[in-house]
Amino acid sequence: ELKVEQNPLFLSMQEGKNYTIYCNYSTTSDRLYWYRQDPGKSLESLFVLLSNGAVKQEGRLMASLDTKARLSTLHITAAVHDLSATYFCAVELAGKSTFGDGTTLTVKP
Amino acid sequence: ETGVTQSPTHLIKTRGQQVTLRCSSQSGHNTVSWYQQALGQGPQFIFQYYREEENGRGNFPPRFSGLQFPNYSSELNVNALELDDSALYLCASSPRWGLQETQYFGPGTRLLVL
């Protein structure tokens, strides 16, 4: 059974600081997703990563994938308050997506 | 291009009742997945449909069933509702063979079982 673990589960950071969220998974996968969810809202797609060494960047967020280590990272650069949300990674295998428990990020002034 | 829509937005049922939730996929998408998200948790995969056939299923009992129609809209049916079925139900659509494509989520249906 595929397991996906994120850490940390909760993250409080100051504006302007950098931090990384980690996503470990237990078996090989077809692709890995990162999503953002605001309170009471649905999920917004951030990145889809397919191959080993894949790196994608959008604004202050950068995601990478190491399939050999079964690890993906979401790096936050110079955080701003608008990035406060819950971030999920999800691993897809044979049509089935397994989500991590999410990382709730709070960015403080 | 319209996004993924779901109906209803909110629903209250009692234990033992049956419920049908609906999803309209994004234009051009032939794959739809359904998820259950309990409060404070990540979404749990229920099942996926591709071209009207079930293409994968998570660890949910048979009382959770689905349909996908020729226009790629979809339904999630839950029979014999239990209190633990209270959750946000999300559908997500994607083009099946678009490897670079992600899933696009609808706004969800919030179900409360009393």
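Residues numbered from 1 in each chain as written. Chains lettered and ligands numbered in written order. Predicted model: local features only at pLDDT ≥ 70, side-chain atom pairs only at ≥ 80, totals over all residues. Heavy atoms only, no water.

All right, on to the interface of chain B and chain A then. On the side of chain A, 21 residues touch chain B, which itself brings 24 residues to the contact. Here chain B and chain A share zero salt bridges between them. Of all the secondary structure elements, the ones that give two or more residues to the side of chain B that touches chain A are strand E4 (31–37), strand E5 (44–50), strand E6 (53–57) and strand E9 (87–94) of chain B. Classifying every residue of the side of chain B that touches chain A by side-chain character gives eight nonpolar, twelve polar and four charged. (Contact = heavy atoms within 4.5 Å. Salt bridge = Lys/Arg side-chain N within 4 Å of Asp/Glu carboxyl O. Helix = DSSP H or I, 4+ residues; strand = E, 2+ residues; numbered from the N terminus. Nonpolar A, V, L, I, M, F, W, Y, C, P; charged D, E, K, R; others polar.)

Note that side chains of opposite charge can pair when their charged atoms are close. Residue and element names in this part refer to chain B. With the rule as written, the count across this model stands at six salt bridges over all chains. A salt bridge links arginine 22 to glutamate 75, with the nearest nitrogen and oxygen atoms 3.5 Å apart. Of this pair, arginine 22 sits in strand E3 (residues 19–24) while glutamate 75 sits in strand E8 (residues 74–78); the two residues are 53 residues apart in sequence, bridging distant segments of the chain. Judged by its relative accessible area of 43%, arginine 22 falls in the partly exposed class. In this structure, the salt-bridge partner of arginine 63 is aspartate 85, at a minimum N-O distance of 2.8 Å. Separated by 22 residues along the polypeptide, arginine 63 in the loop between E6 and strand E7 (64–68) and aspartate 85 in the loop between E8 and E9 bring together distant segments of the chain. Across the pair, aspartate 85 and arginine 63 agree in class, each one buried. (Buried < 20%, exposed > 50% of the residue type's maximum accessible area, 1.4 Å probe, protein only.)

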